[in-house]
Amino acid sequence: MRNAASFVFGVFGNVCGLFLFLVPLIMFRRIVKSRSTEQFSGIPYLMTLLNCLLSAWYGLPLVSPNNMLVSTINGAGAIIEFVYVVVFLIFCPKKEKAKITGLLSLVLAVFAAVMFVSLFALHGHGRTLLCGVAASVFSIIMYGSPLTIIRLVIKTKSVEYMPFFLSLFVFLCGTSWFVYGLLGKDPFVAIPNGFGCALGAVQLVLYAIYRKNKGPNADSIAIGAGEANGKPLQEKPNKALEMQEQV
C-alpha cells in the first residue's frame, strides 16, 4: 500500500515538475524572437541544471534504491535546462557569453566530481550520503530563490511578480515530493521538498492577501511573455520566472 501511494505521489511530482521546467519556454520564445537576452540572467538556469544533474544521479539504483521517479523528472529537467542555457549563450552579449560558459564549465565539473567520487571512491551508505547531501543542498538553494520575491511582495503589497499558477505548482511539486520522501523514508527527498512545500504555502497565503493588487503589468508577467495589450514591455523582465524555477 505504501509503495502504491509513493508511486502515485512520485508520478504527480513528475507532472508538476515538468510543468515548472516548461514555464520559461514563453520567456525563451521572447528571447529568440528579439534575438536578445535583454536583462534576463542565465544563472538561475545553470543552477537548476546542476540541481537536476545531482538529483537525477541520486535517484539512480546504484546510488539510492526505489527512487527512479526522482531520476526521470530530473533527467528530463537537466535536458530542458541545458537547452535553455544553450539558447541563452546564442543570444547573450559577448561579455555575458564568457561568464555563462565559465559557469557552465564549473557546473559540469562539480557534477563530474560528485559522480566520479561517489562511483569510484565510495560504496553503499557513503555513496548515498554524499550524493544525497549534494542534491539536497542545491534543491534547498533552488527552493529558497523565491524568498526574494516574497520579500518584494511584502514590501510592495503587490503580487505583480508572483503569478498564481507558478506559485501553486511550486507548492504542489514540493508537497508531492515531500510526501514521496516521507513514504519512502528518504530524508534527502523529504527535507528539501518539505522546505519547498512550506515556501510554496507562504506564497499562496501572500497571494490570497494581496491578490487584488496585481500591478500594472500583471497580465504580462503571469504568462511570462512580457507583453500586454499587444505592446512589448521591454523595461521589466520577468523576475518571477528567473527566481522561482525549481523542482
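Relevant structure appears above.
Along each chain, numbering runs from 1 in the same order as the chain's sequence is written. Only residues with pLDDT of at least 70 are given local features in this predicted model, and only at 80 or more are side-chain atom pairs given and counted; all residues enter the totals for whole chains, interfaces and linings. The side-chain quantities take in all heavy atoms of the structure and omit both hydrogens and water.

### Some words on the overall build of the chain
As a reminder of what qualifies: Where helices and strands are cited, they refer to DSSP runs of H or I of at least four residues and of E of at least two residues respectively, numbered from the N terminus. Burial classes: relative accessible area under 20% of the type maximum marks a residue as buried, over 50% as exposed, and values in between as partly exposed (1.4 Å probe, protein chains only). Throughout, a residue-residue contact means that at least one pair of heavy atoms, one from each residue, lies within 4.5 Å. Note on areas: Shrake-Rupley, 1.4 Å probe, and residue coverage restricted to the protein chains presented here.
On a plain count of helices and strands, the chain comes out with 11 helices and two strands. Expressed as a percentage of its 247 residues, the buried residues of the chain come to 50%. Considering only residue pairs separated by 6 or more positions, the chain has 78% of its internal contacts joining residues 24 or more positions apart. On the chain, roughly 11,900 Å² of surface is accessible, and the fraction owed to carbon and sulfur atoms is 72%.

### Details of helix α8 (residues 164-183)
As a reminder, the rule being used: Helix span, expected: 1.5 Å multiplied by one less than the number of residues in the helix.
For α8, spanning 20 residues, the distance from its first C-alpha to its last is 28 Å, which sits close to the expected 28 Å at 1.5 Å a residue. Those residues of α8 that fall on the buried side of the exposure criterion are Leu166, Ser167, Phe169, Val170, Cys173, Gly174, Ser176, Trp177, Tyr180 and Gly181. Positioned one or two residues after α8, lysine 185 has a phi angle of 50°, which is positive.

### A word on the side chain of asparagine 14
When you line up the elements, asparagine 14 lands in helix α1 (residues 2-22). When residues no more than four places from it in sequence are discounted, the contact partners of asparagine 14 are Leu69, Thr72, Ile73 and Trp177.

### Some points on the environment of glycine 181
Checked against the element boundaries, glycine 181 lands in helix α8. Through-space distance from the C-alpha of glycine 181 to that of serine 6 is 8.2 Å; in sequence the pair is 175 residues apart.

### Points about a nonpolar patch on the surface
We apply this condition: Note on patches: the residues involved have over 30% relative accessible area and no salt bridge, like charges join within 9 Å, and the nonpolar side chains Val, Leu, Ile, Met, Phe, Trp and Tyr join within 5 Å. We define a salt bridge as a side-chain nitrogen of Lys or Arg found within 4 Å of a carboxyl oxygen belonging to Asp or Glu.
A cluster of nonpolar side chains, contributed by Phe7, Val8, Val11 and Val15, occupies part of the molecular surface with about 360 Å² of accessible area. Tracing the sequence through the fold places valine 8 in helix α1. On the accessibility criterion, valine 8 (53% relative accessible area) is exposed.

### Here we look at the packing of aromatic side chains
This is how the line gets drawn: Two aromatic rings from Phe, Tyr or Trp, using only the six-membered ring of Trp, form a pair when their centres are within 6.5 Å; if the ring planes differ by under 30 degrees the pair is stacked, by over 60 it is edge-to-face, and anything between is tilted.
The tally for this structure, following the rule as stated, stands at nine aromatic pairs. With 5.2 Å between their ring centres and 75° between their planes, phenylalanine 164 and phenylalanine 165 make a pair best called edge-to-face. A relative accessible area of 31% places phenylalanine 164 in the partly exposed class. Accessibility expressed as a relative area gives 53% for phenylalanine 165, which makes it exposed. Judged by centre distance (5.0 Å) and plane angle (75°), the rings of tryptophan 177 and tyrosine 180 are edge-to-face. With tryptophan 177 and tyrosine 180 both in helix α8, this residue pair falls three residues apart, about one helical turn. A relative accessible area of 4% means that tryptophan 177 is categorised as buried. Taken together, the aromatic side chains of Phe28, Tyr45 and Tyr84 make up a single cluster linked through ring pairs.

### Things to note about the packing of helix α7 (residues 147-156) against helix α9 (residues 187-210)
Selection rule: All axes are obtained by fitting lines to C-alpha atoms, using only the stretch in contact for helices, and the reported angles, taken between N-to-C directions, cover 0 to 180 degrees. In what follows, roughly perpendicular refers to angles from 65 to 115 degrees, roughly parallel to angles under 35, roughly antiparallel to angles over 145, and oblique to any angle outside these ranges. Two helices crossing with the near one rotated counterclockwise from the far one by less than a right angle form a left-handed crossing, whereas a clockwise rotation gives a right-handed crossing. Residue polarity is assigned by list, with Asp, Glu, Lys and Arg as charged and Ala, Val, Leu, Ile, Met, Phe, Trp, Tyr, Cys and Pro as nonpolar; anything else, Gly included, falls into the polar class.
Relative to each other, α7 and α9 sit at 20°, their axes nearing to 11 Å. Looking at the two axes, α7 sits roughly parallel to α9. Taken as a pair, α7 and α9 cross one another with a handedness that is left-handed. Counting all contacts with α7, which are made through Leu147, Ile150, Val153 and Ile154, the residues of α9 involved are Leu199, Val202, Gln203, Leu206 and Tyr210. Residue composition of the contact of α7 with α9, grouped by class: eight nonpolar, one polar and no charged.

### Brief notes about unusual backbone geometry
The phi torsion of most residues other than glycine is negative, and most of the peptide bonds are trans. Phi at asparagine 66 takes a positive value of approximately 60°, unusual for a residue other than glycine. Even without being glycine, lysine 157 reaches a positive phi, approximately 55°. Inspection of the secondary structure assignment puts lysine 157 in the loop between α7 and α8. Taking relative accessible area as the criterion, lysine 157 reaches 49% and is therefore assigned partly exposed.

These values are about where atoms sit, not about what they do.
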